[in-house]
Amino acid sequence: MAASAGRKSRPPRLKLLEGRGNGRDSGGRPVKPEPGFRRLPPVKPDDLSLDAAALWDLIVDELARLQLIKEIDGAALQVACEAYARWRRASAQLAVEGFTYTAASGLVKVNPLCGVVERASAEYRAWMAEFGMSPASESKLGASPDDDGDDNPFA
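Residues numbered from 1 in each chain as written. Predicted model: local features only at pLDDT ≥ 70, side-chain atom pairs only at ≥ 80, totals over all residues. Heavy atoms only, no water.

1. Here we look at helix α2 (residues 50–65)
For step 1, the next point in the chain: An ideal rise of 1.5 Å per residue puts 22 Å on 16 residues; α2 measures up with 23 Å between its terminal C-alpha atoms.
For step 2, the next point in the chain: Considered for burial, the residues of α2 that qualify are Ala52, Ala53, Leu55, Trp56, Ile59, Val60 and Leu63. Buried residues of α2, seen end-on, are gathered within an arc of 160 degrees and therefore sit on one face of the element. Among the exposed residues of α2, those oriented more than 90 degrees off its buried face are Leu50, Leu58, Asp61 and Arg65.
For step 3, the next point in the chain: Packed against the buried residues of α2 are α3 (74–97) and α4 (113–130).
For step 4, the next point in the chain: Two residues or fewer past α2, Gln67 is found with a positive phi of approximately 55 degrees. (Helix = DSSP H or I, 4+ residues; strand = E, 2+ residues; numbered from the N terminus. Expected span 1.5 Å × (residues − 1). Buried < 20%, exposed > 50% of the residue type's maximum accessible area, 1.4 Å probe, protein only. Arc of directions from axis to C-beta. Contact = heavy atoms within 4.5 Å.)

Take a look at the structure:
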């Protein structure tokens, strides 16, 4: 029997950024200390495509500022950035070719680039969620970890 896919665990720093302050998460539970990883940004790979390299710089700068990235995250971030670059290239080509084409048989078919765009988008979205960078989590990241929650009438 396969394990159920429940809510994914979030890194302690994200829990603190989203939390009520004083070392508590958004539900008021104490946040366990994070492992002692060195919070240094990963080295930028030399073989990134142009679009991936530009995105790398943006993401690493922000995650480093929030101390949410470490050296070992480089490979995962590289895959995320290349998924974005693949989405950009396929989207641009799709804009030129169109969403459909007429096959030799005369049937109108969906351009295979539609699938490339959709898969790259889904892959990028999944990786960004792993790094706490999804649009849904943006508002949660605005909370200061030392905020004592006095402004919250439900705290």
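That was the structure; now back to the text.
2. Some thoughts on the packing of α2 against α3
For step 1, the next point in the chain: Between α2 and α3, whose axes approach to 8 Å, the crossing angle comes to 130 degrees. Judged by the inter-axis angle, α2 sits oblique to α3. By crossing handedness, the relation of α2 to α3 is classed as right-handed. Between α2 and α3, the residues in contact are Asp51, Ala52, Leu55, Trp56, Ile59 and Val60 and Gly74, Leu77, Gln78, Cys81, Glu82, Tyr84, Ala85 and Arg88, respectively.
For step 2, the next point in the chain: Among the residues making up the contact of α2 with α3, the classes are represented as nine nonpolar, two polar and three charged. (Axes fitted to C-alpha atoms, helices over the stretch in contact; angles between N-to-C directions. Parallel < 35°, antiparallel > 145°, perpendicular 65-115°, else oblique. Left-handed = near helix turned anticlockwise from the far one by under 90°. Nonpolar A, V, L, I, M, F, W, Y, C, P; charged D, E, K, R; others polar.)

3. Notes on the packing of α3 against α4
For step 1, the next point in the chain: One way to put it is that α3 packs onto α4 with a least axis distance of 8 Å and a crossing angle of 150 degrees. In this view, α3 runs roughly antiparallel relative to α4, as classed from their interaxial angle. For the pair α3 and α4, the sense of crossing is left-handed.
For step 2, the next point in the chain: Within the contact of α3 with α4, the residues separate by chemical class into 17 nonpolar, three polar and three charged.

4. Concerning the side chain of Asp25
For step 1, the next point in the chain: Looking at the element boundaries, Asp25 is found in the loop between α1 (12–18) and α2.
For step 2, the next point in the chain: By relative accessible area, Asp25 is classed as buried at 9%.
For step 3, the next point in the chain: Ignoring anything within four residues of it in the chain, the contact list for Asp25 reads Lys15, Gly19, Arg20 and Val31.

5. As for the pattern of salt bridges
For step 1, the next point in the chain: For the structure on display, the rule yields seven salt bridges.
For step 2, the next point in the chain: Ionic pairing is found between Arg29 and Asp25, a salt bridge with its closest N-O pair at 3.0 Å. (Salt bridge = Lys/Arg side-chain N within 4 Å of Asp/Glu carboxyl O.)

6. Examining the nonpolar core
For step 1, the next point in the chain: Membership of the largest hydrophobic core comes to 19 residues, with the highest contact counts inside it found for Trp56, Ile59, Leu63, Leu77, Cys81, Met128 and Phe131.
For step 2, the next point in the chain: Elements with a minimum of two residues in this core: α1, α2 and α3.
For step 3, the next point in the chain: When residues of this core are assigned to their parent elements, the largest contribution, seven residues, is made by α2.
For step 4, the next point in the chain: Those residues in contact with Cys81, other than ones at most four positions away along the chain, are Ala52, Leu55, Trp56 and Ile59. (Core = buried A, V, L, I, M, F, W, Y, C linked by side-chain atoms within 4.5 Å.)

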